[in-house]
Structures are given as structure tokens and as C-alpha cells.
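Chain and residue survey
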Amino acid sequence: MIRRFALIVAAASLAACVSVLPEQKAPEGLYRFGPMEAQHMIDASVVIREPEASRLFGGRAIASEDSAGALRLVNGVEWSDSATRMMQVALLDTLGGENGGVAVASDTGAPTDYELAWRISDFTLSGTTARCRIEATLLEGRSRKVLAQTNVSATAIALDSGNAARAMALTDAGRACISDIAAFVAEKANAPEPKS
């Protein structure tokens, strides 16, 4: 009888704890980069890794920097997937192939002529200004020798101070950075000379 009473009290305590925990709010809007057109042609094979980023920049949350320099999550808006995965897919979309050129995701495991390693150093809002900064390194596929590096950055201004408009501006800044990285890859990743 005492054991039964103890189990009932324990179950009631657990039920009370569950109801005290705050419920996670569903975001008002989920944002994505959307499909991008193949704008830059490559004639070599390139592995595109998922970019490295801090958990704050690389996840689904959207962050904003206040006037004191503190970063805060923006209420009501999130990415539909992790920001790093969306950037990887957008870059793969932007790179088109010609004469056997192809861009593939790193999870394919295919040997390629080149590999792109990149890092998102900023992907935040500051008021109505969206900021994106990416550092990229192009490596030789087999030796992993560094061939070229670049830093790109872009900003976009939101149409108004609402969170939805600010998220759209961050999308625009991200897409501009992706386009610049794609141009870098297309310029530097040339088909290797045939061996004689």
C-alpha cells in the first residue's frame, strides 16, 4: 500500500514538472535560400564540403547583434534547415558543369580534382542590416595542397524593421556571398592538364 502511494506521488510530481516546463514556440516563419540558378561553369570536379561555422551562425536560429555587441536570437523566424547545409546546397546549385565538370557534396566520397573548405565567420543581423562573411580555401583533390584562398562579404538592407523582412535581407546577403564563392571556384578550379 505504501509503495503504491509512493508511485502515485512520484507520477503526480513528474506530471507537474512537465506542465511547468515552457512549451517551445513554433516560429512564425521558416526561411530558406531557395534553389539558385547555375551561374558559374566549371570544367573540373570539385567536392563542396559543408562550411564550418559557430553553432550560432550555422544552426537554424537567426541571430542579431545589438548596439552593445551582444548577440540575441531573433524571435519568430528560423531557417528551414541548418544555415551551413543551406549554403552548401546553394553553392552546389550555383556551380554548373561543362566538359565533364561537376560539383558534388562531400558525403558522396567521390575522388575529385579539387576540394573547397570554407568557414562562415559572420552571418548575423545588425538592426536592419544583414551581414555575411565567408573565408574559403580551394585544395588540390589528391594532395590536399592549398591552391587559393579568398574572403568574401556581403550586406543587405531589410525593407523594414520587422523580423520577416530582416530574415529576407539575411537570405539576400547569404546568396550574394554564395555567388562570390562560386565565382572564386569557377575561376580557380581549372581542369587539370592531361598526363602524357
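Computed from a prediction, not measured in an experiment: that's the story for all the values here.

**Details of the overall build of the protein**
Scanning the protein from N- to C-terminus turns up four helices and eleven strands. A burial count over the protein gives 39% of its 196 residues as buried. Excluding contacts between residues fewer than 6 apart, the proportion of contacts in the protein whose partners are at least 24 apart in sequence is 71%. As displayed, the protein offers around 11500 Å² of accessible surface, 52% of which is attributable to carbon and sulfur atoms.

**Here we look at helix 3 (residues 83–94)**
For helix 3, which comprises twelve residues, the first-to-last C-alpha distance of 16 Å matches the rise-based estimate of 16 Å (1.5 Å per residue) to within 8%. A large share of helix 3 lies buried, amounting to nine of its twelve residues. Taken together, the buried positions of helix 3 are occupied by A83, T84, M86, M87, Q88, A90, L91, L92 and T94.

**Things to note about unusual backbone geometry**
Residue R144 is not a glycine yet carries a positive backbone phi of 65 degrees. Locating R144 in the fold gives a position in the loop between strand 10 (129–140) and strand 11 (146–157). Given the relative accessible area of 42%, R144 is considered partly exposed.

**Side note on the packing of helix 3 against helix 4 (residues 163–188)**
Packing of helix 3 against helix 4 leaves a shortest axis separation of 9 Å and a crossing angle of 50 degrees. With respect to helix 4, the axis of helix 3 lies oblique. Crossing angle aside, the handedness with which helix 3 passes helix 4 is right-handed. Each of M87, A90, L91 and T94 in helix 3 lies in contact with helix 4, whose residues at this interface are G174, I178, I181 and A182.

**Observations concerning the nonpolar core**
Counting 49 residues, the largest nonpolar core has L116, W118 and F123 as its most contacted members. Elements with a minimum of two residues in this core: strand 3 (45–48), strand 6 (71–79), helix 3, strand 8 (102–105), strand 9 (114–126), strand 10, strand 11 and helix 4. Among the elements that make up this core, the one with the highest residue count is helix 4 (eleven residues). Not counting the four nearest positions on each side in its chain, L116 is found in contact with V46, V47, I48, R49, L91, A136, T137, L138, I181, F184 and V185.

**Looking at the pattern of salt bridges**
Evaluated as defined, the whole model comprises eight salt bridges. Linking D122 and R131 is a salt bridge whose minimum nitrogen-to-oxygen distance equals 3.3 Å. By relative accessible area, which is 16% here, D122 ends up buried. A cluster of three or more residues bridged by salt bridges with shared partners is formed by R49, E115 and R144.

Calculation criteria
Residues numbered from 1 in each chain as written. Predicted model: local features only at pLDDT ≥ 70, side-chain atom pairs only at ≥ 80, totals over all residues. Heavy atoms only, no water. Helix = DSSP H or I, 4+ residues; strand = E, 2+ residues; numbered from the N terminus. Buried < 20%, exposed > 50% of the residue type's maximum accessible area, 1.4 Å probe, protein only. Contact = heavy atoms within 4.5 Å. Areas by Shrake-Rupley, 256 points an atom, 1.4 Å probe, with all protein chains shown as cover. Expected span 1.5 Å × (residues − 1). Axes fitted to C-alpha atoms, helices over the stretch in contact; angles between N-to-C directions. Parallel < 35°, antiparallel > 145°, perpendicular 65-115°, else oblique. Left-handed = near helix turned anticlockwise from the far one by under 90°. Core = buried A, V, L, I, M, F, W, Y, C linked by side-chain atoms within 4.5 Å. Salt bridge = Lys/Arg side-chain N within 4 Å of Asp/Glu carboxyl O.

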